[in-house]
Amino acid sequence: MGQKYKWLDPKKPSPKLLDTLKTSFGLELFKGLGLTIKEFFSKEVTIHYPMEVLPLSPRYRAVHHLQRLLESGNERCIGCGLCEKICTSNCIRIITHKAEDERKYIDSYTINLGRCIYCGLCAEVCPELAIVMGQRFENSSVQRSQFGGKAEFLTDIQSAKDHSHQEFMGFGAPSVDANTRLAQTPLDYATKEEKEEPKEAKEAKEGAENKEGGKDHA
Amino acid sequence: MPSIEIDGQKVEFSEGQTILEAARSAGVYIPAICYLSGCSPTVACKMCMVEVEGKRVYACNTKPKANTKVATKTAALVAERQMIMQTYDVNHPLECGVCDKSGECELQDMTHRTLVDRQPFSVRDNLKPFAFWAQASYDPNLCIMCERCVTTCSDNIGDSNLKASKASLHAPDKFKESMPKDPFSVWSRKQKGMIAFVGDTPCYDCGECIAVCPVGAIVYKDFSYKANAWELKHIDSTCMHCAAGCLLDYQVRHFDTLGEEQKIFRVGNDFYHNPICGAGRFAFDLKASTKGSSNIEQAVQKLKEAKAVYVGGDLSNEEAYLLEQMRQTCGFKLHNSKLYAYQEFLKTFSPTPHDLKDLKSSSCVLSLGSRLKNENPLLKYALANVLKVNKGTSLIYAHPLEDMAIEKMSRSVVPVCHAVGAEEIILGAFLMALGVESPSLESLKASALVEPEPEPAESAEGAENAEGEATAEPKKAEQKPPVYAMLENAKCDSPTFEKIKGLVEKAPSIALLIGPEIYTHPKAHNIALMLQEASKLDKLKIFLIPPSANALGIVSLCTLEKDSHASPSVGVRTKGDFVLDSDCVDQNGQVQNQVDFILPSFSQMEASMVNLEGRVLALRPALAYEGLDFADIAQHFGFYGETLAEYTQELPQDKGFLGVAYDDLTNFYANDKSNHRGYKLQSTPSQATESSQPITPIESAPELNAYLQFAETQFNTHTIKSQNLQLKEGIYTSKAHLESLGLVEGTTIRLSKEGRTLTGKIYIDHSLKRGVFMASPSLDTGGVFASPFETLEWERA
């Protein structure tokens, strides 16, 4: 059948040209600038790394710690070697010896942090909570020897003695701000009525991201 | 000795050494990455640049001039070396954390040494695909194109399977102005090339390219991500697979927290001095059960009752010594047919074992009665090295079967594919070419066809036919060389003989390799007498290749007798009614070798062996063995040694041992290439009183179609059962033959003769040319092969 043609009126200017003129001389430019100026004076959403760092979840898995016993400050590791056996990337090496008191002592404990995939299996398998995942995620160094020696991983003895020792919360641990970050829980329906007013007020204070999350759940 | 001055230090050098070698021998450090000792210089890294009297040269390829001053650390040299390392570091993947080489990487070391702390150069990177060959995995992104793998494959191994190939990579010449000449040439070489596998045939199990790689570019595929280099403990030991007795470096790491249970992760070698074959490098996966056996009373009882004790070819010196002592008290007989033949041969002719460096300094090498590549890879490597590095060296390789791998090593290899059983005649031809006076040659000379006179030109100068027209003869003979009927029958035609003669006559020093097939030859006694007569020649060095790993040690310690098939019998590291051997547990804990009493495998024992150079070398344990061993059995026979190593110094001094304790046996090569491994057995050359008989012609040369020989890198039970080796026990044949038979690799076939059969899987051996079945001796339990060469029937099984 016949083809359909579009009639271009040579007397009228083309719509493309009109568009160009409109964006060049219209108010669109100032709309864009307005947004920039608005953001310039609005609240910051980025942080100044490395002067500032984001709070990490207690479940965060970075460079390991070898923990000490509180009070005595003795090493918790009993040299069972389970971490070495379970390691999927073969990066842990532990060498021990049995002393005269029939106790195992650790001669050398190394983790090749270059190969470690931070899966956390070593911490999970540890029967003494001796090796735990820490929060140090910055690993740059100019010395090969600074990667993965025992002295690196052992926690400060003073912190064990004065109980300021940071314990690993564990794999199921909720993050510190879990309550504030959770928009809705399965039990929300029960508490919804009594908490309606304060909850809405809270939500308003939250950033845009949380609001969207809430909507999605709803 | 002439000397030069390197950085103010006086360094002596000898003829033929380069500046770098002289410096290394004297312990003066000149950095170098691409250098491999004993190979032709590559001059790829240019790190070894020095200034001789103010002039820039490369230390690795420059011969020193006496009394010159060499500077290695001028400001310009230091700066350029640093720049070379910077160019090597351009786009080198920052994966040291995961790299297998990290911790022993020469790029890391040299980058630190030259104090590289910034990177002024940058260039777009290319995607470079991985490549794989044999047991190696090649990552071109990590490669710095030092070409050490190429050099060693060509100059040490003789295969020339690797090549630096041009790759179409992004390589702008924008640094031409900003870089000095040497760093720029290093940079562009690295930027424009990759290593490629260029062999016509696949390569198997050698891994020398893996050993020499200074970075993590070529790695052993099974070692990847299994351990870190710095965790491995190095244990130097000796390989017990063949008579070469190579220096092995077991790299072990503990397997439990107390460090008692060790596991071998890989085996290294001192690649500067001693290339090793695949058996040494990869057949480390088997060991004896750590706990051993408890039935020691039974083993003792069996030994006391035994009439015959079969000894394996890889028995250690200490075990052989104890067995011999037991033989004297218990009265059993010791048997091993191959070693017995070797011992009988040595009674007639036993030369002082020469060092491998004597072989490397020869300008013509004759080989007879050995498929070198399979029987003694180290000798093949030494020959490849001498053929590649010393131009003008020739190899005359006489064997009934062609070996393409030997032939392609160099153009100066003369293959002599002689008739089966004609070894005596070929040796006669060699002796005639050498101009040896021997009664054995009379019959050979008498078989000359062309000239009616019995005057066979200059080859028989000494023969007692000086009368007549001797003065006029030589000219005529030169025009038309004589044709010897006997040689023609042995398939060594006149042009070949003339070629051999030409090569032998102009060579100032000659080496003659005598292989294990000679000792079991029907004419072995006469051959030994002929060799005795030839050994009087000063320029000739005769090497006897021992038929098994510790053959030389066993035959010097034990009195062997001809097999009488008496029963009951005991087999020590071989077959018998009651077997004492390693039970070969693989890495999955599966027992691969059923034995009656477990002995430690040679990576688990403290003992010694004697290699083909006549060196007494130490075996050091890499893995634990807690069970009972031969020393415990010997305690029941009145010997009080707790361990085998206690007997090392008691090895009899009248047999040439020096009474050196096990712990005093050293095991290393020094920087000046000197050999500090063990000590040399003092042997007294025998003096035969009889003279050789004339060579007998062969009646009819049977057409062979089967040959009894292991595949390359297969030597014994250990290597056959090893899962790591790529080449397996089986029947090997050429590719063309396999296709003509309509078979595919892996098909089981049956070879038979007179009702006796042998079955095995068929594989391709690319070095074979003819339609020949090369069957592993371990398959031949039925005794199909009466001699190494047979004519057999075949059928599908």
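Source: prediction; values computed, not measured.

Student: Just checking my understanding: could you explain the overall build of chain A for this structure?
Tutor: Looking only at helices and strands, chain A has nine helices and four strands in total. Starting at the N terminus, the α and β elements of chain A follow one another as α-α-β-α-β-β-α-β-α-α-α-α-α. Sorting the 218 residues of chain A into buried and exposed places 25% on the buried side. Within chain A, contacts between residues separated by at least 24 positions form 69% of all contacts whose residues are at least 6 apart in sequence.

Student: Hey, could you run me through the pairing of strand S3 (residues 49-52) of chain B in this one?
Tutor: Consecutive side chains along a regular strand alternate between the two faces of the sheet. Residues and elements named next belong to chain B. Residues Met49 and Glu51 of S3 are buried on one face, and the alternating residues Val50 and Val52, pointing to the opposite face, are buried as well. As paired elements, S3 and strand S4 (residues 55-58) share four bridges and run antiparallel to each other. When the bridges of S4 are listed, valine 50 appears paired with valine 57. The turn linking S3 back onto S4 is made up of two residues, and glutamate 53 within it adopts a positive phi angle of 50°. As paired strands, S3 and strand S5 (residues 69-71) are joined by two bridges and run antiparallel to one another. Within the sheet, the bridge partner assigned to glutamate 51 lies in S5 and is alanine 71.

Student: Explanation requested: the side chain of Thr348(B) in the structure shown.
Tutor: Residues and elements named next belong to chain B. When you line up the elements, threonine 348 lands in helix H10 (residues 337-348). Judged by its relative accessible area of 9%, threonine 348 falls in the buried class. Looking at threonine 348, its side chain comes within polar contact range of the side chain of histidine 525, at 3.4 Å.

Student: For this particular structure, what's the right way to read the side chain of Ser363(B)?
Tutor: Here Ser363(B) lies in the loop between helix H11 (356-360) and strand S16 (364-368). Setting aside its immediate chain neighbours within four residues, Ser363(B) contacts Gly392(B), Thr393(B), Ser394(B), Ala507(B), Pro508(B) and Ser509(B).

Student: Help me out: how do you make sense of the UniProt feature "binding site: [4Fe-4S] cluster 1" (unreviewed entry) in chain A in this one?
Tutor: Residue and element names in this part refer to chain A. As annotated in UniProt, the feature "binding site: [4Fe-4S] cluster 1" (unreviewed entry) corresponds to Cys77, Cys80, Cys83 and Cys126 in the numbering used here. For this annotated set, covering 50 residues, all C-alpha atoms fall within 10.5 Å of each other, a compact arrangement in space. Among the annotated residues just listed, those lining the largest cavity are Cys77, Cys80, Cys83 and Cys126. Relative to the helices and strands, cysteine 80 is located in the loop between strand S1 (62-66) and helix H3 (82-86). On the basis of relative accessible area, cysteine 80 is assigned to the partly exposed category, the value being 35%. In this fold, cysteine 126 is placed in the loop between helix H4 (121-125) and strand S4 (131-134).

Student: Can you help me understand the UniProt feature "binding site: [4Fe-4S] cluster 2" (unreviewed entry) in chain A in this one?
Tutor: Residue and element names in this part refer to chain A. As annotated in UniProt, the feature "binding site: [4Fe-4S] cluster 2" (unreviewed entry) corresponds to Cys87, Cys116, Cys119 and Cys122 in the numbering used here. Judged by maximum C-alpha separation, these annotated positions cover 36 residues in sequence but sit close together in space, the widest gap being only 10.6 Å. Along the chain, cysteine 116 falls in the loop between strand S3 (104-111) and H4. Cysteine 116 sits in the buried class, given a relative accessible area of 12%. Contact partners of cysteine 116, with chain neighbours within four places excluded, come to His64, Ser89, Cys91 and Ile111. Relative to the elements of secondary structure, cysteine 122 occurs in helix H4. The buried category is assigned to cysteine 122, whose relative accessible area is 7%. When near neighbours in sequence (up to four residues on either side) are disregarded, cysteine 122 contacts His64, Cys83, Ile86, Ile92, Ile131 and Met133.

Student: Sorry if this is basic, but what is going on with the packing of helix H15 (residues 423-434) of chain B against helix H19 (residues 494-506) of chain B here?
Tutor: Think of two packed helices as two axes; the pair is described by the angle between the axes and how far apart they sit. Residues and elements named next belong to chain B. Put simply, H15 and H19 touch, their axes get as near as 8 Å, and they point 45° apart. As the angle between them shows, H15 and H19 are arranged oblique. Taken as a pair, H15 and H19 cross one another with a handedness that is right-handed. Of the residues in H19, those in contact with Ala429, Phe430, Met432, Ala433 and Leu434 of H15 are Phe497, Ile500, Lys501, Val504 and Glu505. Residues that form the contact of H15 with H19 fall into these classes: eight nonpolar, no polar and two charged.

Student: What am I meant to see in the interface of chain A and chain B here?
Tutor: By a widespread convention, an interface's size corresponds to the accessible area lost as its parts come together. With 21 residues of chain A in contact, the opposing surface of chain B contributes 19 residues. Taking both sides of the interface into account, the surface hidden between chain A and chain B amounts to around 1,600 Å²; carbon and sulfur atoms contribute 41%. Counting across the interface, chain A meets chain B through two salt bridges. The salt bridge partner of Asp100(B) is Arg115(A), with a shortest N-O separation of 2.8 Å. At the junction of chain A with chain B, the criterion picks out 14 residue pairs in polar contact (both at pLDDT 80 or more).

Student: Please explain the pairing of strand S25 (residues 615-619) of chain B as it appears in this structure.
Tutor: All names here are of chain B. A large share of S25 lies buried, amounting to five of its five residues. The alternating pattern of S25 places Arg615, Leu617 and Leu619 on one face and Val616 and Ala618 on the opposite face, and all of these are buried. Connecting the antiparallel pair strand S24 (residues 607-610) and S25 is a turn made up of four residues, with glycine 614 showing a positive phi of about 75°. Pairing geometry for S25 and strand S28 (residues 679-680), over two bridges, is antiparallel. Bridging across to S28, arginine 615 finds its partner in lysine 680.

Student: Just checking my understanding: could you explain unusual backbone geometry for this structure?
Tutor: Keep in mind that most residues, glycine aside, have a negative phi and that most peptide bonds are trans. Cis geometry is found at the peptide bond from Tyr49(A) to Pro50(A), where omega equals 5°. Relative to the assigned elements, Pro50(A) resides in the loop between helix H2 (28-41) and S1. Backbone geometry places Leu129(A), a non-glycine residue, at a positive phi of 50°. Here Asp205(B), not a glycine, exhibits a phi torsion of approximately 40°, which is positive. Considering the arrangement of structural elements, one finds Asp205(B) in the loop between strand S9 (193-197) and helix H6 (208-212).

Student: What should I look at first to understand the pattern of salt bridges in this one?
Tutor: All names here are of chain A. Counting across every chain of the model gives 33 salt bridges over all chains. The residue lysine 150 makes a salt bridge to glutamate 75 at a minimum N-O spacing of 3.2 Å. Taken as a pair, lysine 150 in helix H5 (residues 150-153) and glutamate 75 in the loop between S1 and H3 lie far apart in primary sequence, 75 residues in all. Judged by relative accessible area, glutamate 75 falls into the partly exposed class, the value being 33%.

Student: Looking at this model, I keep getting lost on the sheet that holds S16(B). Mind explaining?
Tutor: Strand pairing in a sheet takes place through backbone hydrogen bonds and is either antiparallel or parallel in direction. Residues and elements named next belong to chain B. One open sheet holds the five strands; their spatial order is S18-S17-S16-S19-S20, and the pairing between them is parallel. Only two strands of the sheet have a single neighbouring strand rather than two, namely strand S18 (413-416) and strand S20 (540-544). For this sheet, the mean inter-axis angle between neighbouring strands, taken without regard to orientation, is 15°. Relative to S20, strand S19 (residues 510-514) runs parallel, the two sharing five bridges. Looking at S20, one finds that isoleucine 514 is bridged to leucine 544.

Student: Looking at this model, I keep getting lost on helix H1 (residues 19-26) of chain B. Mind explaining?
Tutor: Owing to its 3.6 residues per turn, the α-helix brings residues three or four apart onto one side. Residue and element names in this part refer to chain B. Among the residues making up H1, those that are buried are Ile19, Leu20, Glu21, Ala22 and Ala23. Where H1 is buried, its residues meet strand S1 (3-6), strand S2 (9-12), S3, S4 and S5. Phi turns positive one or two residues past the end of H1, at glycine 27, with a value near 80°.

What counts as what
- Residues numbered from 1 in each chain as written.
- Chains lettered and ligands numbered in written order.
- Predicted model: local features only at pLDDT ≥ 70, side-chain atom pairs only at ≥ 80, totals over all residues.
- Heavy atoms only, no water.
- Helix = DSSP H or I, 4+ residues; strand = E, 2+ residues; numbered from the N terminus.
- Buried < 20%, exposed > 50% of the residue type's maximum accessible area, 1.4 Å probe, protein only.
- Contact = heavy atoms within 4.5 Å.
- Pairing = 2+ DSSP bridges.
- Polar contact = N/O pair within 3.5 Å; in protein donor to acceptor, adjacent residues only side chain to side chain.
- UniProt positions renumbered as here; feature names shortened; annotations may be inferred.
- 1 Å grid on protein atoms, 1.4 Å probe; cavity = no way out; pocket = protein on both sides within 12 Å on 5 of 7 lines; lining within 4 Å.
- Axes fitted to C-alpha atoms, helices over the stretch in contact; angles between N-to-C directions.
- Parallel < 35°, antiparallel > 145°, perpendicular 65-115°, else oblique.
- Left-handed = near helix turned anticlockwise from the far one by under 90°.
- Nonpolar A, V, L, I, M, F, W, Y, C, P; charged D, E, K, R; others polar.
- Buried area = accessible area lost by both parts, 1.4 Å probe.
- Salt bridge = Lys/Arg side-chain N within 4 Å of Asp/Glu carboxyl O.

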